[in-house]
Amino acid sequence: MNALEYLEKRLEKEQFEKIKAIDNPKLHDFLARYIELLNPDRVFVCTDSEEDELYVRWKALYYGEERLLETPGHTVHYDSYYDQARDKANTKLLVPGGKKLPFLNTLDREEGLREIHELMKDVMKGKELFVCFFVLGPKESVFTIPAVQLTDSAYVAHSEFILYRKGYEEFKRLVRQARFLKFVHSEGELDERKTSKNLDKRRIYIDLEDETVYSVNTQYGGNTIGLKKLAFRLTIRRAVREGWLSEHMFLMRVNGPNGRKTYFTGAYPSMCGKTSTAMISWENIVGDDLAFIVPMKGEARGANVEKGVFGIIQGVNPEDDPVIWKVLHSQHEIIFSNVLVKDGKPYWNDMGVPIPDEGENHSGRWWRGKKDGEGNEIPPSHKNARFTVSLEAFPNVDLEALNAPCGVKIGGMIFGGRDKDTWPPVREAFNWKHGVVTMGAALESETTAATLGKEGVRAFNPMAILDFMSVHLGEYIDNYLKFAEKITEEPKIFAVNYFLRDEKGNWLNHKLDKAVWLKWMELRVHGDVEAIETPIGYIPKYEDLKRLFREVLGKEYSREDYEKQFTIRVPELLAKIERIERIYREQVGEVPGEFYRILGEERQRLMDARARYGDYISPFRLDV
């Protein structure tokens, strides 16, 4: 019996006809194999129709995975109390022989497949399997990557309908040419709250050879929404093999003089200002998380991989996040996860309005002062609580750019780190390779006391992508360096740091100053303003920033503030170079030789400047 014959025997006629309409034997083989392994009682195949999407949304409520909230279109979902974040320990890359890769969690492919298939055997007995088709990137474009998701969670399927473009018709169009990604997920056995029960058997295995992701005994979106960070590992590997970039970057439009539109991508580790930059209300968002960047007719063209936002909700408040706040209080379709609910309304930590003293949250019935089994006080919402919403709900979305088949021309690429004493607030690289090495590959983020209990520990996180890497880091950086050879117009590369402090620990920047740095970068992309050459790149002139602060934020910007922020801190910069070089030599290993050459040249420029000007160099001394 071939795959199609098996599917005809196993599926209801209506569902089988949907699969038969796609002329792709590899897809048929995949579906037959895993339907037999998972052994669901019922299979529902989702086309691109509104009816099929509505069916999934209804089933999320029917099965108790989501509940209605007071506002029409809003629902809440809860994950298990101990299933609230990505499971890094049990997320493993399956590679032949379990080959070790720096910073990555690998497992022998055969061993991993054997284990995951055992865990998944008959796991959907008594359940309904949803077969969903999506695409990463805009449809019918150079960016398009088809994907098929198998899941017994209507919540996961519902989330993906919000976050990704429907792909059933794309599978039909591409027929046997479709090089599709595959995702197999089961939430496993559920408890009385409809949350995953066997968390000790939670596994997320990524088979790089077959471009398939397996996820079992978990519901949390980061472990289960296959097309997000799980697919990201697969697309990083594909991009490196094919010579393009799959990046952990926002994509936004910065509006320049006379209606000019300039597009930027930006990579920032967690808690470094990525979302707040992408969401500045007077600029335009295209995407907040993932971007594909390809060489096209001499240009770097970028597209948002997704069409929605799976965002952290903690700290979202009307003053700092007016755009997101407005969206969350609209009647657009939104899934809230792991928040506090009282009288049908969602509440979350640090939202800037009074929070009730009791209600329901990820721990069940909640009251202020409630503690978990380990004696930890349970906050109103989990710090990783989320909202899932379409980008179309955002008043400042650039829909034309979001859906453009050829993407948008990337004018600038931003790398944002967090440190109190080293990088200036904004600077521009001398060229592509200088930016890749000294800004992207050297990216670090200082930990905060609130998150890890110890402040100021510098975490190495090149291109803010380390958690999702699927190839050797040296190979990844080599692809980045070679990307410039495929284009004639290099995007300018910038580095930002919103977290400088003075010797007393006071912040040197205001939260909204980033809006000025963005406007300056936009002007630099087009050569509208000059800049000061320093040993580490170009920095703004005081007169330009003074004008921009007045125009953008309506406030004065003093020479004293400028000097404090843009002083070149030679000892700290040299220490960073030593730190980064040591990491690459001792932990990464194989890196292109020019990587060390570029780092060495920066070191020499800093040493020469120190010999001439001293350890701390005022920008005014260099502006001659």
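Just so it is clear, the model here is predicted, and its values are computed rather than measured. (Residues numbered from 1 in each chain as written. Predicted model: local features only at pLDDT ≥ 70, side-chain atom pairs only at ≥ 80, totals over all residues. Heavy atoms only, no water.)

(A) Representation of the pairing of strand β6 (residues 128-136) in the model. Taking burial as the measure, the nine residues of β6 include nine buried ones, the bulk of the element. Where strand β1 (residues 42-45) lies against β6, four bridges are found, and the strand directions are parallel. Bridge assignment links R42 to a residue of β6, and that residue is E128. Judged from the seven bridges that link them, β6 and strand β7 (residues 145-151) form a sheet pairing that is antiparallel. Pairing of F134 across the sheet is with A147, part of β7. The sheet contact formed by β6 and strand β8 (residues 165-166) spans two bridges and is antiparallel. Looking at β8, one finds that V135 is bridged to R165. (Buried < 20%, exposed > 50% of the residue type's maximum accessible area, 1.4 Å probe, protein only. Helix = DSSP H or I, 4+ residues; strand = E, 2+ residues; numbered from the N terminus. Pairing = 2+ DSSP bridges.)

(B) Seen up close, the packing of aromatic side chains. Going through the model one piece at a time under the given rule, you end up with 39 aromatic pairs. With 6.2 Å between their ring centres and 45 degrees between their planes, Y498 and F499 make a pair best called tilted. For the residue pair Y498 and F499, the accessibility class agrees, reading buried in each case. Judged by centre distance (5.4 Å) and plane angle (90 degrees), the ring pair of F595 and Y596 falls under edge-to-face. Neither residue differs from the other here; F595 and Y596 are each classed as buried. Over the face of the ring belonging to Y498 we find K514, whose NZ or CZ atom lies 5.1 Å from the ring centre. (Phe/Tyr/Trp six-rings, centres within 6.5 Å; stacked < 30°, edge-to-face > 60°. Lys NZ or Arg CZ within 6 Å of the ring centre and 35° of its normal.)

(C) Representation of the nonpolar core in the model. Judged by nonpolar contacts, the single largest core of 172 residues is most densely connected at F394, F415, Y476, Y480, W517, M521 and Y584. Leave out the neighbours within four places in its chain, and Y584 touches A441, F460, P462, L473, I477, G589, V591, F595 and Y596. (Core = buried A, V, L, I, M, F, W, Y, C linked by side-chain atoms within 4.5 Å. Contact = heavy atoms within 4.5 Å.)

(D) The arrangement of the packing of helix α16 (residues 514-525) against helix α17 (residues 542-553) in detail. Look at α16 against α17: their axes get within 9 Å of each other, and the N-to-C directions meet at 120 degrees. As judged from the angle between their axes, α16 and α17 are oblique. Crossing handedness for the pair α16 and α17: right-handed. Taken together, the residues of α17 that come into contact with α16 (itself represented by A515, V516, W517, K519, W520 and L523) are L545, R547, L548, F549, V552 and L553. When grouped by side-chain class, the residues that make up the contact of α16 with α17 number ten nonpolar, no polar and two charged. (Axes fitted to C-alpha atoms, helices over the stretch in contact; angles between N-to-C directions. Parallel < 35°, antiparallel > 145°, perpendicular 65-115°, else oblique. Left-handed = near helix turned anticlockwise from the far one by under 90°. Nonpolar A, V, L, I, M, F, W, Y, C, P; charged D, E, K, R; others polar.)

(E) Spotlight on the environment of A21. Tracing the sequence through the fold places A21 in the loop between α2 (13-20) and α3 (25-38). Accessibility expressed as a relative area gives 38% for A21, which makes it partly exposed. Along the primary structure A21 and L574 are separated by 553 residues, whereas in three dimensions their C-alpha atoms are 61 Å apart. In contact with A21, other than residues within four places in its own chain, are Y168 and K172.

(F) Geometry of the sheet that holds strand β3 (residues 74-77). With respect to topology, five strands assemble into an open sheet ordered β2-β3-β19-β24-β18, the strand pairing being mixed. Lying at the two open borders of the sheet, with one neighbouring strand each, are β2 (67-68) and β18 (308-312). Both β3 and strand β19 (residues 334-337) contribute to a ladder of four bridges, which runs parallel. Counterpart to H77 in the pairing with β19 is S337.

(G) Structural view of the environment of S381. When you line up the elements, S381 lands in the loop between β23 (364-367) and β24 (386-390). In sequence terms S381 and P346 are 35 residues apart; their C-alpha atoms lie 9.4 Å from each other. Discounting residues that sit within four places of it in the chain, S381 has contacts with N338, V339, L340, Y347, W348, N349 and H362.

(H) Molecular detail of the side chain of S215. As for its placement among the helices and strands, S215 is situated in strand β11 (residues 212-216). Accessibility expressed as a relative area gives 2% for S215, which makes it buried. Beyond its immediate chain neighbours, meaning those up to four positions away, S215 contacts M120, V184, H185, S186, R203, I204, N223 and T224.

(I) Quick look at unusual backbone geometry. Even without glycine at this site, K194 takes up a positive phi of about 65 degrees. Structurally, K194 can be placed in the loop between β9 (181-186) and β10 (203-207). The phi dihedral of D350 falls on the positive side, at around 60 degrees, and the residue is not glycine. By secondary structure assignment, the location of D350 is in the loop between β21 (345-347) and β22 (358-361). What makes D350 exposed here is its relative accessible area of 54%.

(J) Structural view of the packing of helix α9 (residues 226-242) against helix α15 (residues 473-483). Put simply, α9 and α15 touch, their axes get as near as 9 Å, and they point 55 degrees apart. What the angle tells us is that α9 and α15 run oblique. You can see that α9 and α15 cross each other, and the crossing is left-handed. Across the interface between the two elements, I236, A239, V240 and R241 from α9 touch E475, Y476 and N479 from α15. Classifying every residue of the contact of α9 with α15 gives four nonpolar, one polar and two charged.

(K) Molecular detail of the pattern of salt bridges. As enumerated under the stated definition, the model contains 62 salt bridges in all. Salt-bridge contacts for D528 lead to R260; the nearest nitrogen and oxygen are separated by 2.8 Å. Here the residue D528 occupies a position in the loop between α16 and β30 (531-534), and R260 occupies one in the loop between β13 (250-255) and β14 (261-267), the gap between them amounting to 268 residues. In this structure R260 comes out as partly exposed when scored by relative accessible area, which is 21%. (Salt bridge = Lys/Arg side-chain N within 4 Å of Asp/Glu carboxyl O.)

(L) Local environment of the pairing of β11. Burial analysis of β11 places five of its five residues in the buried class, the great majority of the element. Here β11 shows a buried face lined by T212, Y214 and V216 and a second buried face lined by V213 and S215. With five bridges connecting them, β10 and β11 associate as antiparallel partners. If you follow R203 over to β11, its bridge partner there is V216.

(M) Broad picture of α15. Among the eleven residues of α15, eight are classified as buried, and the element is accordingly described as predominantly covered. All of the buried residues in α15 are L473, G474, Y476, I477, N479, Y480, L481 and F483.

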